[in-house]
Amino acid sequence: MPSKIPNKNELRTKETRDLLLRAAETIFVRDGYERAELGEIASLAGRTKGAIYGHFKNKEDLFIALFAERMTLHANRMYEMLAESTSTEQNLNIFREFYVGTLEDESWALLLLEFKLFAIRHPESKERLQKVHKELLPQAHKEEEYAKVFGSSEQGKAALSRSAAVATLSPILSALAVEAQFEPELLDEHTLKNVVVRLFDALLTPPVR
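Because the structure is a prediction, the values reported are computed rather than measured.

Enquirer: For the packing of helix α5 (residues 88-101) against helix α8 (residues 143-150), give the residues involved together with the corresponding values.
Expert: Between α5 and α8, the least distance of the axes is 7 Å, while the angle of their chain directions is 100°. Considering their axes alone, α5 and α8 lie roughly perpendicular with respect to each other. Here α5 contributes Thr88, Asn91, Leu92 and Phe95 to the contact with α8, which in turn contributes Lys148, Val149 and Phe150. Within the contact of α5 with α8, the residues separate by chemical class into four nonpolar, two polar and one charged.

Enquirer: Give me the lowdown on the layout of surface pockets, citing residues and values where you can.
Expert: When its volume is computed, the largest pocket comes out at roughly 950 Å³. Forming the walls of the largest pocket are 35 residues, and the residues nearest its centre are Met71, His133, Leu137, Val166 and Ser170. For the lining of the largest pocket, the secondary-structure elements that each account for two or more residues are α4 (59-82), α5, α6 (106-121), α7 (123-136), α8 and α9 (162-182). Considering every element that reaches the lining of the largest pocket, the biggest residue donor is α4, with seven residues. Of the residues belonging to the lining of the largest pocket, the class tally is 25 nonpolar, seven polar and three charged.

Enquirer: Let's hear about α5: which residues, and what values?
Expert: The terminal C-alpha atoms of α5, which comprises 14 residues, lie 20 Å apart, in line with the 20 Å expected from a rise of 1.5 Å per residue. Every buried residue of α5 is accounted for by Asn91, Leu92, Ile94, Phe95, Phe98, Tyr99 and Val100. The secondary structure elements touched by the buried residues of α5 are α4, α8, α9 and α10 (189-203).

Enquirer: Requested: an account of the packing of aromatic side chains, with residues and values cited.
Expert: All told, the structure shown has 13 aromatic pairs when counted by the stated rule. For the ring pair Phe63 and Phe118, a centre distance of 5.0 Å and an interplane angle of 65° mean the geometry is edge-to-face. Placement of Phe63 in helix α4 and of Phe118 in helix α6 is noted, with a sequence separation of 55 residues between them. Residue class for Phe63 comes out buried when judged on its relative accessible area of 0%. Judged by its relative accessible area of 1%, Phe118 falls in the buried class. Within the aromatic cluster, the residues linked to one another by ring pairs are Phe28, Tyr33, Phe63, Phe67, Trp108, Phe115 and Phe118. Taking NZ or CZ as reference, Lys59 lies 4.6 Å from the ring centre of Tyr33, over its face.

Enquirer: Residues and numbers for the nonpolar core, please.
Expert: In summary, soluble globular proteins display a tendency toward joint burial of nonpolar side chains. Core analysis: the biggest nonpolar cluster contains 31 residues, and Phe28, Ile41, Ile52, Phe56, Leu62, Phe115 and Leu129 have the highest contact counts within it. Broken down by secondary-structure element, the contributors of at least two residues to this core are α1 (8-35), α2 (38-45), α4, α6 and α7. Looking at this core, the element that brings in the most residues is α4, giving eight residues. Not counting residues within four places of it along the chain, the set of residues in contact with Ile41 comprises Leu20, Ala23, Ala24, Ile27, Phe28, Ile52 and Leu62. Formed by 28 residues, the second largest nonpolar core is a distinct cluster that contains Leu92, Phe95, Ala109 and Ala165.

Enquirer: Account for the environment of Phe118, naming residues and giving values.
Expert: Residues Phe118 and Leu129, spaced eleven residues apart in sequence, show a C-alpha to C-alpha distance of 9.3 Å. When residues no more than four places from it in sequence are discounted, the contact partners of Phe118 are Tyr33, Glu60, Phe63, Ser125 and Leu129.

Enquirer: So what's going on with α7? Which residues, and what values?
Expert: The first and last C-alpha atoms of α7 sit 20 Å apart over 14 residues, in line with the 20 Å expected at 1.5 Å per residue. Taken together, the buried residues of α7 touch α4 and α6.

The rules behind these values
Residues numbered from 1 in each chain as written. Predicted model: local features only at pLDDT ≥ 70, side-chain atom pairs only at ≥ 80, totals over all residues. Heavy atoms only, no water. Axes fitted to C-alpha atoms, helices over the stretch in contact; angles between N-to-C directions. Helix = DSSP H or I, 4+ residues; strand = E, 2+ residues; numbered from the N terminus. Parallel < 35°, antiparallel > 145°, perpendicular 65-115°, else oblique. Contact = heavy atoms within 4.5 Å. Nonpolar A, V, L, I, M, F, W, Y, C, P; charged D, E, K, R; others polar. 1 Å grid on protein atoms, 1.4 Å probe; cavity = no way out; pocket = protein on both sides within 12 Å on 5 of 7 lines; lining within 4 Å. Points joined across faces, edges and corners; volume = space filled by probe spheres on them. Expected span 1.5 Å × (residues − 1). Buried < 20%, exposed > 50% of the residue type's maximum accessible area, 1.4 Å probe, protein only. Phe/Tyr/Trp six-rings, centres within 6.5 Å; stacked < 30°, edge-to-face > 60°. Lys NZ or Arg CZ within 6 Å of the ring centre and 35° of its normal. Core = buried A, V, L, I, M, F, W, Y, C linked by side-chain atoms within 4.5 Å.

Here it is as structure tokens:
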């Protein structure tokens, strides 16, 4: 069946939600979750504070909606890139390209850090955030799924599982984004990419034959 064409009201509703999410991203990155104010987010979006409550229950709901949207966009982009691959070696190269490419999106690295700090500081909401993550990435932390994509990892006490390697990559990126704020001349874009490539290749080694 052909998809339904949205009417003007539905388009306005989507436009308002998108504007609120973009404004929220700016404010959350700049001020962090705790200091972010809904009134300022609404003002930046060119909407009233009431518009926020028309789409989200509260600041936490808006924050988690932003997390879900960003995770979905990144996951879809990665899946699209991997769909062009025909081997585990290509998968590794594509994932490296995707991971290095996220350095260009500085706000995403900082938001990931903010999301995790939020979960630590709000244990009552941590389960909700983890549930959203699991729904968006159901294969996360499943070694057999990662082995299908990247090939089997090495064995032995010093070996690192594929799931552990992938789980380590995002926090490394967030940490580098923070450090680059303090050492912008030392950790410039070229240097950061070289560091990330080396770390990636060390963590996600070629598949075992």
